[in-house]
Amino acid sequence: MLTRFLREDPDVTELVESRSGEDARAVLARGTADVVFMDVRMPGIDGFAALAGRQPNAPLAGVFCTAYEEHALRASDAGAAAYLLKPFDRARFVQAFDRAKTRVRQEALYAKGAELSRILDPAAPAEPRAVRRLALPTPSGVERIAQEEIDWVEAADKHVRIHTAAGTIQVRRALAELEALLDPAQFLRVHRCNVARGDRVHALRRTDGGATYLELASGARVVVSRSRLREVREALA
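Quick caveat: nothing in here was measured; it's all calculated off a predicted structure.

This brings us to the sheet that holds strand β1 (residues 35-38). Note on sheets: strands pair through backbone hydrogen bonds, and any given pair is parallel or antiparallel. Within the open sheet, the 3 strands sit side by side as β1-β2-β3. Their pairing is parallel. Two strands bound the open sheet, and with one partner strand each, they are β1 and β3 (82-85). Averaged over all neighbouring strand pairs, the angle between strand axes comes to 20 degrees, with direction disregarded.

Here we come to the confidence of the model for the protein chain. Per-residue pLDDT for the protein chain has a mean of 84; in total, 85% of the residues score no lower than 70. For the stretch residues 124-130, pLDDT sits under 50, and the model shows 9 contacts to residues farther than four places along the chain or on other chains.

Mapped onto the secondary structure, Thr 164 falls in strand β7 (residues 159-164). Among the polar contacts made by the side chain of Thr 164, one reaches the main-chain amide nitrogen of Ala 166 at a distance of 3.1 Å. When sequence neighbours within four positions are dropped, the list of residues in contact with Thr 164 reads Ile 145, Glu 149, Ile 150 and Asp 151.

Let us now look at the layout of surface pockets. Of the volumes computed, that of the largest pocket is approximately 1,100 Å³. Surrounding the largest pocket, 32 residues form its lining, Leu 15, Val 16, Val 35, Val 36 and Phe 37 being those nearest its centre. Every element with two or more residues in the lining of the largest pocket is listed here: α1 (2-8), α2 (21-29), β1 and α5 (90-120). The class makeup of the residues in the lining of the largest pocket is 18 nonpolar, 4 polar and 10 charged.

Moving on, we get to the pattern of salt bridges. Summed over the entire model, instances satisfying the criterion amount to 14 salt bridges. For Arg 7, the salt bridge is made with Glu 17, and the minimal N-O distance between the two is 3.8 Å. You can see Arg 7 sitting in helix α1 and its partner Glu 17 sitting in the loop between α1 and α2, a full 10 residues away along the chain. Residue class for Glu 17 comes out partly exposed when judged on its relative accessible area of 44%. Because the salt bridges share partners, they merge into one network encompassing Asp 151, Arg 197, Asp 199 and Arg 200.

Attention now moves to the environment of Ala 61. As for its position among the elements, Ala 61 is in strand β2 (residues 61-66). By relative accessible area, Ala 61 is classed as buried at 0%. With sequence-adjacent residues up to four places away left out, Ala 61 is seen in contact with Asp 34, Val 35, Val 36, Ala 81, Ala 100, Arg 103 and Val 104.

This part is about the sheet that holds strand β9 (residues 187-191). In spatial order, the strands read β8-β7-β6-β10-β9; together these 5 strands make up an open sheet with antiparallel pairing. Looking at the sheet topology across the chains shown, the edges are occupied by β8 (167-171) and β9. Recorded for the sheet is a direction-independent mean angle of 20 degrees between the axes of neighbouring strands. As paired elements, β7 and β8 share 5 bridges and run antiparallel to each other.

By convention here, two paired aromatic rings are described through the distance between centres and the angle between planes. For the coordinates displayed, the defined rule picks out 6 aromatic pairs. With centroids separated by 4.6 Å and ring planes inclined at 35 degrees, the aromatic side chains of Phe 48 and Phe 64 adopt a geometry described as tilted. With Phe 48 in helix α3 (residues 47-51) and Phe 64 in strand β2, this pair connects stretches of sequence that are 16 residues apart. For Phe 48, a relative accessible area of 8% translates into the label buried. For Phe 64, a relative accessible area of 1% corresponds to the buried category. Through successive ring pairs, a cluster of aromatic residues spans Phe 5, Phe 37, Phe 88, Phe 93 and Phe 97. Taking the ring centre of Tyr 68 as reference, the NZ or CZ of Arg 41 above it sits at 3.9 Å. Over the face of the ring belonging to Phe 97 we find Lys 101, whose NZ or CZ atom lies 4.5 Å from the ring centre.

As a further point, take α2. Within an α-helix, residues lying three or four positions from one another point in the same direction, as the helix has 3.6 residues per turn. Within the sequence span of α2, burial applies to Gly 21, Ala 24, Val 27 and Leu 28. One side of α2 carries all its buried residues, which in axial view fall inside an arc of 120 degrees. Buried residues along α2 sit against β1 and α3. Backbone geometry just downstream of α2 places Gly 31 in the positive-phi region, at approximately 75 degrees.

About the cut-offs
Residues numbered from 1 in each chain as written. Predicted model: local features only at pLDDT ≥ 70, side-chain atom pairs only at ≥ 80, totals over all residues. Heavy atoms only, no water. Pairing = 2+ DSSP bridges. Helix = DSSP H or I, 4+ residues; strand = E, 2+ residues; numbered from the N terminus. Axes fitted to C-alpha atoms, helices over the stretch in contact; angles between N-to-C directions. pLDDT = per-residue confidence, 0-100. Contact = heavy atoms within 4.5 Å. Polar contact = N/O pair within 3.5 Å; in protein donor to acceptor, adjacent residues only side chain to side chain. 1 Å grid on protein atoms, 1.4 Å probe; cavity = no way out; pocket = protein on both sides within 12 Å on 5 of 7 lines; lining within 4 Å. Points joined across faces, edges and corners; volume = space filled by probe spheres on them. Nonpolar A, V, L, I, M, F, W, Y, C, P; charged D, E, K, R; others polar. Salt bridge = Lys/Arg side-chain N within 4 Å of Asp/Glu carboxyl O. Buried < 20%, exposed > 50% of the residue type's maximum accessible area, 1.4 Å probe, protein only. Phe/Tyr/Trp six-rings, centres within 6.5 Å; stacked < 30°, edge-to-face > 60°. Lys NZ or Arg CZ within 6 Å of the ring centre and 35° of its normal. Arc of directions from axis to C-beta.

Below you can see the structure in the form of C-alpha cells.
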C-alpha cells in the first residue's frame, strides 16, 4: 500500500526500496534521498540506526511507518518529520508525506540562507565573538541582527529561537554554535537550552515548586538549571 501511494504521488521522481536496515543505511549514506519511509523493526539494524547513517547536512526528511505506537517519542527525538502508525489510509499517508515535503523545502531554504550568509560575510573573523551584527539563515532567507537586539535564545529541536523586543526569529543553528558568536561578557548560558543577555535580567526568582528562572525586563521567563544556578548568581552579582 505504501509503495502504491508513493508511486501515485506526482512529486515522487524516483523510488528506491530497501530490504534491510543495512541496505537502508547504505542508501541514506549516499545523500541523494529527500524523504525516507521506514519501519522501526527491520531485518538487521533497526530504523533508528539506519536513519543515523544519513549524510549529516543532507536535507532528508524521515517518516517512521510502523505498527509500534510506543516509539513515537523516540522518533521525534531522532528528528523524524512524521510518525505514521499502521494501519493507515491514504488521508493519513498524505498528511505524513506533506509534513516530510515541508521539512525538505525548509531544509533547502536553510541551506540557501546559509550560503547567502557566507556570501554576505565571506571572511569570518578569527575571533567569532567580535561579530557585532550576525547574518543568520532563516526559512525566508538571511536575517541580520545586532547582538544588542537579543534578549535571550532558546534551543528548539534542530533550530534556535532568538527573542528580541521586536519578536522572535527562528534560525537553523545549534545553540552552541550560535553561543560561540555571542559576546561572553554580555551573554550567559543559564540552561542547556537557554542563553540570556545579562543586562536584560530584572530578577532571579524561584517558583513554589523550587524551579529557578530569570525574569527579564520584557517580562519573559527564562528557566535556569540547578547545575548553572551558582554561575548565574555570580554573574548577576
